[in-house]
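An overview of the molecular structure
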Amino acid sequence: MAEAIGNCRCGKVVMAVTGEPVMTSACHCDGCKAMTASAFSLSALVPEAGFAVRSGEVVLGGARTPGLDHYFCPDCKSWLFTRIDGLDGLVNLRSPLFDRPDWSWPFIETMTAEKFHWVEVPAVHAYEGFPPMAAFETLMDEFSDRRPG
Ligand SMILES: [Zn+2]
Ligand SMILES: [Zn+2]
């Protein structure tokens, strides 16, 4: 199976993914704005089993909220991926770091309550907060039908 490769800004951290995302998203929350210094973050949720840090070290960063582990490159400080309690077995990658531009297309957008009013994201579903965990299975089914080639 084809392997996707992601790099931090300095190149010391190399991540590899076998398989495809189960969901992609844009998040407009103030935390994502702070960590990207931009209008929103872009993520691809992939199975942990197909994910590996191929080289380099990663460190925890962000607000250090329990149950929300954000990993960074200790040298260039790129935000790399996030592990979320409740989404066990999955890892949320910062999709623009990967050599798969199609992974950055956001199927859903979250936390639109904190969105800059001038931002328009072509997501299929928008949530003022986060989608309820119970909705994820249906969303993942729909995503697999609609994601671009
Ligand atoms: Zn780096
Ligand atoms: Zn966010």
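Scroll up to find the structure this text is about.
Overview of the structure. As the structure is a computational prediction, the values presented were derived from the model and not from experiment.

**With respect to the sheet that holds strand S10 (residues 108-110)**
With mixed pairing, the 8 strands of this open sheet are ordered in space as S6-S7-S8-S9-S4-S3-S10-S11. Among the strands making up the open sheet, the edge pair consists of strand S6 (59-61) and strand S11 (125-126). Where strand S7 (residues 68-72) meets strand S8 (residues 79-84), 5 bridges bridge the pair, whose relative direction is antiparallel. Across the sheet, leucine 68 pairs through a bridge with isoleucine 84, a residue of S8. The sheet strands contacting helix H2 (residues 136-146) are strand S3 (23-27), strand S4 (41-47), S10 and S11, and the helix crosses S3 at an angle near 110°.

**A few points about the pattern of salt bridges**
Evaluation of the coordinates by the stated rule reveals 7 salt bridges. Note that aspartate 30 and lysine 33 form a salt bridge whose closest N and O atoms lie 2.9 Å from each other. Of this pair, aspartate 30 and lysine 33 both sit in helix H1 (residues 30-36), 3 residues apart, which is roughly one turn of that helix. The partly exposed category is assigned to aspartate 30, whose relative accessible area is 46%. For lysine 33, a relative accessible area of 11% gives the class buried. Among the salt bridges present, the one from glutamate 142 reaches arginine 146, with a minimum N-O distance of 3.3 Å. With glutamate 142 and arginine 146 both in helix H2 and 4 residues apart, this pair spans about one turn of that helix. For glutamate 142, a relative accessible area of 23% gives the class partly exposed. Look at arginine 146 and you get partly exposed, because its relative accessible area is 47%. Salt bridges sharing partners connect three or more residues here, namely Glu20, Arg100 and Asp102.

Rules used throughout
Residues numbered from 1 in each chain as written. Chains lettered and ligands numbered in written order. Predicted model: local features only at pLDDT ≥ 70, side-chain atom pairs only at ≥ 80, totals over all residues. Heavy atoms only, no water. Pairing = 2+ DSSP bridges. Helix = DSSP H or I, 4+ residues; strand = E, 2+ residues; numbered from the N terminus. Contact = heavy atoms within 4.5 Å. Axes fitted to C-alpha atoms, helices over the stretch in contact; angles between N-to-C directions. Salt bridge = Lys/Arg side-chain N within 4 Å of Asp/Glu carboxyl O. Buried < 20%, exposed > 50% of the residue type's maximum accessible area, 1.4 Å probe, protein only.

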